[in-house]
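These are the residues of each chain, in order.
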Amino acid sequence: MVGDARPSRVRAGGRRGAVGSRTSSRALRPALPPLSCLFVLFLAAPCAWAAGYKTCPKVKPDMLNVHLVPHTHDDVGWLKTVDQYFYGIYNNIQPAGVQYILDSVISSLLADPTRRFIYVEIAFFSRWWHQQTNETQKVVRDLVRQGRLEFANGGWVMNDEAATHYGAIIDQMTLGLRFLEETFGSDGRPRVAWHIDPFGHSREQASLFAQMGFDGFFFGRLDYQDKRVRKEALQMEQVWRASASLKPPTADLFTSVLPNMYNPPEGLCWDMLCADKPFVEDMRSPEYNVKELVDYFLKLATDQGKVYRSKHTVMTMGSDFQYENANSWFKNLDKLIHFVNAQQQANGSRVNVLYSTPACYLWELNKANLSWSVKKDDFFPYADGPHMFWTGYFSSRPALKRYERLSYNFLQVCKQLEALAGPAANVGPYGSGDSAPLNEAMAVLQHHDAVSGTSRQHVADDYARQLSEGWRPCEVLMSNALAHLSGSKEDFAFCRKLNISICPLTQTAERFQVIVYNPLGRKVDWMVRLPVSKHVYLVRDPGGKTVPSDVVTIPSSDSQELLFSALVPALGFSIYSVSQMPNQSPQKSWSRVLVIQNEYLRARFDPDTGLLMELENLEQNLVLPVRQAFYWYNASTGNNLSSQASGAYIFRPNQKNPLFVSRWAQTHVVKASLVQEVHQNFSAWCSQVVRLYPRQRHLELEWTVGPIPVGDGWGKEVISRFDTPLATGGLFYTDSNGREILERRRDYRPTWKLNQTEPVAGNYYPVNSRIYITDGNMQLTVLTDRSQGGSSLRDGSLELMVHRRLLRDDARGVGEPLNKEGSGLWVRGRHLVLLDKTGIAAARHRLQAEMEVLAPQVVLARGGGARYRLEVAPRTQFSGLRRELPPSIHLLTLAHWGPETLLLRLEHQFAVGEDSGRNMSSPVTLDLTNLFSAFTITHLRETTLAANQLLAYASRLQWTTDTGPTPHPPPSRLVSATITLHPMEIRTFLASVRWEEDG
């Protein structure tokens, strides 16, 4: 990570600054009555959402209506940083200044009441908004109320859909939609999702959008073969059934593929960045072109209308960072509308052109009462031509992808402690703490050029800077909260470099405390590993009892790490004390036997090659030959079939079969009471530790790759591959944004006959958290610690791309090769390998993946701190729950929302059919009364997923599908504090709370 090796410290008595600004919780209208009893539940009558379409323009039902959608697509970082784009800096890199775009658009909208415009990226809009005068803000509110300025999507960013985790997607959408609701009320609430630029579309994304209350979804990028088939079959628009577990229409979402990605039709771009001819209506001018442009437009509209089913079609009028001079756009669009519509009278034209928005276009489709086909798979992988598969970004910039995932973990811990400690977390003995900066930085990282790894290098560095700066106020907050909840003011330290075994406190102190916080709703048994000096240590648990510990020597560095197992209660912490034992040195525990095992698993390694060769599940009596090794694909720089090179976006190997990094590994075996490890060294730039802890039902593979050598002039894309004899029939399975599982089949697409031009890249899919293969009896699952690309290119085989370093740009706009210098050349990560009977595998991988994403957070202290309150004795263990959550229930969100208000999300994390013999897929009923120990819920309101609408008030447009009638149950009403969660269901609440005085 960034920065020096010193741990980040938070001291009691630190300087206090102003508490970070907080938005109030007034967003959800109508106003709520005052509390009249301890536990009040909000009940409301349903209300049709169609009222949001009342400002839409009139159309002509007997004509082809062309909806012109003026818009700008403003990347929250890509070729320039977020700040450089907003302020218009370095226009030599790319002419773009978002503040000027918004200034210009508002002025142009005021010039003509028929004009309309949509805006999307709230990260930019909110910054611009806060710089405006009260008078300008009033004008903008009027434009929004009149429907002339409309927000689409409404997230902080337009997030990527391949490399993003569903929890982070929900967080960033919640942040943006909350700003709109609090600033504009229901007038500013987006009715449609608008993902015009992400490079492929996930099924889980559509499901989340549906659960947020969106009526429709518009996107621009679609595989070139898929698009051709859809045009011929008139299926450019359909209903996406985005969940196999949620009952329709809960996750159904009307989906429209835009005709021209998100650009204007060719020849009709009137931005200052374009060179197309404007309207010249003076017939005396030799440049007169009205008839030419009108005739061209009429043909264009007619042709486009033929591939859509209704009497309406849409044209996007804008593109990347356009409308900095909005007048040049609107002046020509005004003329286009005038002259085209004049043909209705002059020549009997049946084309009507109007300013519109995606929501108004959708409203007209809904009123058409057509029956729509249903899609049940996803839109991965995306290719924009033969040999041009956008599957490289699934793995690009793996260090940034890991930092983002770590930051999600850290942010959830920060938010939970803020909720558990209440106001004491924000202002306390360590200064002013705030979760908002990291929340905003994480939201920015979800942008489709951020976590995707497709920005320029200096922009990627700036994304990392934003995360790093967001951690610090969270560290202050967590210190305040831990002191408040534990009753002791310690000199807390946060070691950010534990992944490379650096932590000055533990490596120099003779005694210290280890505070382990568990963000899960169930207790965990977690192996703590800390770098230490060459001593033996005594470890005591929260009750003062000695617990087993080991100090192991790392063969590659001769450094030491202390290991002990920490038992941590649900949503709480345990404090362990560590002290050096005088005059004792750790014993080296090396072995020559290439077998490691515990009570559940045994892993055997080939004595000749040092490679893993067999995995045995002792509990389930399963044995599977497994060979794992590292390989690399030679990145294509173009050939006689295509000039396409491998780059940040595109994966294109120059041959089907990868090359070994090494056919054998040098090995060292470490065996101690608390860990057994095989250290494998494949080359100077590739190594791995295969590890088993006691009571662990998975094999851990910690790999280190880099710097990838490119002195031979060959770009390299490095994979970890597992080869088994499993008869998998061309099938493998990947998760969708860390949630539901999708079946994949080699060289196949469910909705069209694929012409496979790239047998490797064309079979790669995003792996956000897991990939598995099965023969119906036995299942091999690999969990990842970040998003990666993965596939099964032959039966019984499974591979994941861990790192890539490329020497050519792939000609998709970045303009530089993926050839990072500096610390990002080295990447370390983990794969967790599970072998189970297929019928019970889900219980294993679901619960382990939950723990991987929300791992315990380790905070350190020297000990001996003063009491937080003299009259309250310190405590060494705490749980924020009075009772554990059932294993199938996940606490997705516990966060501060407003004064005495928390945001609470609970989800059923199993899908239908994943019972695993333990009823994991059964509905679960929970009583929220007195569930939490740190506070009491006094008032509960259920909302949509993004918490910007009361659920009882929410209503979506209804669509008829060709699969038969879909029941539309009335809006849900919360009638008690006892709730039921069905498979894959997420329920969201705003809870008014009263914190317990003793914390």
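Predicted model, so just to flag it, every value in this text is computed and none were measured.

**Q** What should I look at first to understand the overall build of the protein chain in this one?
**A** Along the protein chain, the regular secondary structure elements total 15 helices and 53 strands. Against the 2.2 N^0.38 benchmark of 30 Å for 999 residues, the protein chain shows a C-alpha radius of gyration of 29 Å, consistent with a compact globule. C-alpha atoms of the protein chain, sized along the principal axes, occupy 100 × 75 × 55 Å. For the protein chain, the proportion of its 999 residues judged to be buried stands at 66%. Counting contacts in the protein chain only where the partners sit at least 6 residues apart, residues at least 24 apart contribute 77% of the total. Put simply, the protein chain shows about 35,200 Å² of open surface, and 51% of that area lies on carbon and sulfur atoms. Charge separation in the protein chain, taken as the distance between the mean sites of 107 positive and 99 negative side-chain charges, equals 2 Å.

**Q** Looking at this model, I keep getting lost on the sheet that holds strand β19 (residues 524-532). Mind explaining?
**A** Strand pairs in the sheet, formed through backbone hydrogen bonds, run parallel or antiparallel to each other. Reading across the sheet, the three strands line up as β19-β23-β22 and stay open at both edges, with antiparallel pairing between neighbours. Only two strands of the sheet have a single neighbouring strand rather than two, namely β19 and β22 (549-554). When the angles between neighbouring strand axes are averaged without regard to direction, this sheet yields 30°. For β19 and strand β23 (residues 559-568), the ladder comprises nine bridges, and the chain directions are antiparallel. Across the sheet, residue Leu-530 finds its bridge partner in β23, namely Leu-562.

**Q** What is the right way to read the domain arrangement of the protein chain from this model?
**A** As a measure of interface size, the accessible area lost when the parts come together is often cited. Here the protein chain is described as being made up of domain 1 (60-369), domain 2 (397-585 + 856-867), domain 3 (590-628 + 662-706 + 721-800) and domain 4 (880-995). Summarising the inter-unit geometry, the C-alpha centres of domain 3 and domain 4 are found 35 Å apart.

**Q** Please explain empty space enclosed by the protein as it appears in this structure.
**A** Empty pockets left among the atoms are what a rolling probe the size of a water molecule brings to light. Under the criterion given, the structure shown has eight cavities of 30 Å³ or more. Roughly 170 Å³ of volume is contained in the largest cavity. Lining the largest cavity are 17 residues; nearest its centre among them are His-165, Tyr-166, Gly-738, Glu-850 and Gln-909. Those elements that provide at least two residues to the lining of the largest cavity are α15 (841-853) and β47 (889-898). In terms of residue count, α15 provides more of the lining of the largest cavity than any other element does, four residues in total. When residues are assigned to domains, the lining of the largest cavity turns out to be shared by domain 3 (590-628 + 662-706 + 721-800) and domain 4 (880-995), each giving three or more.

**Q** Could you clarify how one ought to interpret the state of the cysteines in this entry?
**A** Linking two cysteines covalently via their sulfur atoms produces the bond known as a disulfide. Taken as a whole and judged by the stated rule, the model has four disulfides. Covalent S-S linkage joins Cys-414 and Cys-474, the inter-sulfur distance amounting to 2.2 Å. The sign of the S-S torsion, about -95°, decides the handedness of the disulfide formed by Cys-414 and Cys-474: left-handed. Taken together, the positions of Cys-414 in helix α11 (residues 398-421) and Cys-474 in helix α13 (residues 457-486) put the pair 60 residues apart, joining distant regions of the chain. On the accessibility criterion, Cys-414 (0% relative accessible area) is buried. With its disulfide-bonded cysteines labelled consecutively along the sequence, the protein chain is connected as 1-4, 2-3, 5-6, 7-8.

**Q** Just checking my understanding: could you explain the environment of Val-314 for this structure?
**A** Mapped onto the secondary structure, Val-314 falls in strand β10 (residues 312-317). By relative accessible area, which is 3% here, Val-314 ends up buried. Sequence separation between Val-314 and Thr-357 is 43 residues; the distance between their C-alpha atoms is 8.7 Å. Sequence-distant contacts of Val-314, defined by excluding residues within four places in its chain, comprise His-67, Val-69, Leu-258, Pro-259, Gln-304 and Tyr-361.

**Q** Even after reading the chapter, I still don't get the pairing of β47, so can you show me in this structure?
**A** Both faces of the sheet carry side chains from a regular strand, because those side chains alternate between them. In terms of burial, β47 is largely enclosed, as 10 of its 10 residues are buried. Two strands pair when backbone bridges link them, and β47 and strand β48 (residues 901-908) are joined in this way by eight bridges, in the antiparallel orientation. Opposite Gly-898, over in β48, you have Thr-901 as the bridge partner. Hairpin connection of β47 to β48: two residues between the antiparallel strands, including Glu-900 at a positive phi of 60°.

**Q** Where do I start with the UniProt feature "domain: Glycoside hydrolase family 38 central" (unreviewed entry) in the protein chain in this structure?
**A** Within this structure's numbering, the places UniProt gives as "domain: Glycoside hydrolase family 38 central" (unreviewed entry) are residues 388-467. The span residues 388-467 carries 56% helix and 5% strand; its end-to-end C-alpha distance comes to 32 Å.

**Q** When you look at unusual backbone geometry in this model, what are you seeing that I'm missing?
**A** Across the junction of Phe-380 and Pro-381, the peptide omega takes the value -10°, indicating a cis bond. Omega for the peptide link from Gly-706 to Pro-707 comes to -10°, which places this bond in the cis form. Secondary-structure assignment places Pro-707 in the loop between β34 (699-705) and β35 (716-723). Even without a glycine there, the phi angle at Arg-695 is positive, about 65°. Turning to its location among the elements, Arg-695 is positioned in the loop between β33 (686-692) and β34. The class for Arg-695 is partly exposed, based on a relative accessible area of 43%. Although it is not a glycine, Glu-900 sits at a positive phi angle of roughly 60°. Position of Glu-900 among the secondary structure elements: in the loop between β47 and β48.

**Q** What is the right way to read the packing of aromatic side chains from this model?
**A** Two numbers describe a pair of aromatic rings. These are the distance of the centres and the angle of the planes. For the structure on display, the rule yields 51 aromatic pairs. Ring geometry for Phe-564 versus Tyr-576: centroids 5.3 Å apart, planes at 40°, classification tilted. Separated by 12 residues along the polypeptide, Phe-564 in strand β23 and Tyr-576 in strand β24 (residues 572-581) bring together distant segments of the chain. Residue classification places Phe-564 among the buried positions, given a relative accessible area of 0%. Look at Phe-630 and Phe-682: their rings are 5.2 Å apart centre to centre, the planes differ by 70°, and that puts the pair in the edge-to-face class. Taken together, the residues span a long stretch of sequence, with Phe-630 in strand β29 (residues 622-634) and Phe-682 in strand β32 (residues 676-683) at a distance of 52 residues. Residue classification places Phe-630 among the buried positions, given a relative accessible area of 0%. Through a chain of ring-to-ring contacts, the aromatic side chains of Phe-117, Trp-270, Phe-279, Tyr-323, Trp-329, Phe-330, Phe-339 and Tyr-355 assemble into a single cluster. Sitting over the ring of Tyr-166, Arg-739 keeps its end group 5.3 Å from the ring centre.

Thresholds applied
- Residues numbered from 1 in each chain as written.
- Predicted model: local features only at pLDDT ≥ 70, side-chain atom pairs only at ≥ 80, totals over all residues.
- Heavy atoms only, no water.
- Helix = DSSP H or I, 4+ residues; strand = E, 2+ residues; numbered from the N terminus.
- Rg over C-alpha atoms; globule rule 2.2 N^0.38 Å.
- Buried < 20%, exposed > 50% of the residue type's maximum accessible area, 1.4 Å probe, protein only.
- Contact = heavy atoms within 4.5 Å.
- Areas by Shrake-Rupley, 256 points an atom, 1.4 Å probe, with all protein chains shown as cover.
- Lys, Arg positive; Asp, Glu negative; His and termini not counted.
- Charge placed at Lys NZ, Arg CZ, Asp CG, Glu CD.
- Pairing = 2+ DSSP bridges.
- Axes fitted to C-alpha atoms, helices over the stretch in contact; angles between N-to-C directions.
- Domains from an automatic or database assignment.
- 1 Å grid on protein atoms, 1.4 Å probe; cavity = no way out; pocket = protein on both sides within 12 Å on 5 of 7 lines; lining within 4 Å.
- Points joined across faces, edges and corners; volume = space filled by probe spheres on them.
- Disulfide = S-S within 2.5 Å.
- UniProt positions renumbered as here; feature names shortened; annotations may be inferred.
- Phe/Tyr/Trp six-rings, centres within 6.5 Å; stacked < 30°, edge-to-face > 60°.
- Lys NZ or Arg CZ within 6 Å of the ring centre and 35° of its normal.

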